[in-house]
Structures are given as C-alpha cells and as structure tokens.
Amino acid sequence: QVQFVESGGGLVQPGGSLRLSCAASGFTLDDYAIAWFRQAPGKEREGVSCISRSDGTTYYTDSVKGRFTISRDNAENTVYLQMNSLKPEDTAVYYCDLPRTKFYCSFALSEYGYWGQGTQVTVSS
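Described in the following lines is the structure provided in the data block. (Residues numbered from 1 in each chain as written. Predicted model: local features only at pLDDT ≥ 70, side-chain atom pairs only at ≥ 80, totals over all residues. Heavy atoms only, no water.)

### Quick look at the nonpolar core
Grouped burial of nonpolar side chains is what soluble globular proteins tend to show. Which entries qualify depends on this criterion: Nonpolar core, defined: a set of buried Ala, Val, Leu, Ile, Met, Phe, Trp, Tyr and Cys residues in which side-chain atoms within 4.5 Å join the residues together. Only protein chains enter the accessibility calculation, which uses a 1.4 Å probe. A residue is then buried if its area is under 20% of the maximum for its type, exposed if over 50%, and partly exposed in between. Helix numbering and strand numbering both begin at the N terminus, where a helix is a DSSP run of H or I of at least 4 residues and a strand a DSSP run of E of at least 2.
Ile34, Trp36, Phe68, Leu81, Met83 and Tyr94 are the most contacted members of the largest nonpolar core, which has 28 residues in total. A per-element tally of this core places strand β3 (residues 18-25) first, with four residues. With five residues, the next largest nonpolar core counts Ala33, Phe37, Cys50 and Tyr112 among its residues.

### Some remarks on the sheet that holds strand β2 (residues 10-12)
Selection criterion: Strand pairing is assigned whenever DSSP identifies at least 2 bridges connecting the two strands. To get an axis, fit a line to the C-alpha atoms, keeping to the stretch in contact for a helix; angles then go from 0 to 180 degrees between the N-to-C directions.
Spatially, β2-β10-β9-β4-β5-β6 is the arrangement adopted by the six strands of the open sheet, whose pairing is mixed. Each edge of the open sheet carries a strand with a single partner, namely β2 and β6 (58-60). Ignoring strand direction, the axes of neighbouring strands in this sheet form an average angle of 25°. In this structure, strand β5 (residues 46-51) lies alongside β6, joined through three bridges in antiparallel fashion. Residue pairing across strands places Ile51 opposite Thr58, the latter belonging to β6.

Written as structure tokens, this is what we have:
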C-alpha cells in the first residue's frame, strides 16, 4: 500500500523558515519522482516542487524559486521541502505524492492519486 505522511508544518512569521517532511511507505522512494503540491483556501491544488528519479533534477514553480529546496534521503524513504523567506501567500496545506510516470516530474494533477493528509503551513504576522 502506497502511503505518505506529511509533517513539519506550523505557524511562522513572514520571512521565517520551515522544513517539511514526506515519509513514504509501500514502495521504494528511490525508484520514483516525488512532487510537493499545496492547496490554499479557495484555490486549486498546485505543484510546488518536484525531484526526478535517477539524476535528481529538481523543479520549482516560479513563485518559490530561490526560496524553497526539495531533497530526498533514500535511506529514510523521505523527501523534504526546505522553505525559507516564507510569505503569506505560501499559506496552504502541503502534500507530497508520486506521479504515474514514475521517473519524470510533472505538475499535472491527473498524474497523482496517493495524497496523504497534508501538513498545514500558515505564514502570518
């Protein structure tokens, strides 16, 4: 059974940092690309970052480039999202998942279906 457990969210002030964790089970994380998505109130779920299989190429949506960093620890079967210089517009529930394409990154929602419960990130002064 494929399962994800997201954690590490919380309440921070603008300019602060958080490190999100995505613990995977039911498959070998190293064999797949993994993406982070987020969903803010009243908005559609959107892709935030993705790390590919094999060469580990990373991708980021324009709004987080230079502020967020995605990484993986294959031994722990966990993917991380380091978030720095947080802004109020980063407020959302954050999710991780693997794409149907397995190896290649995508921000298409149709490629995903193993969402965990997500972790809430709130950026507010």
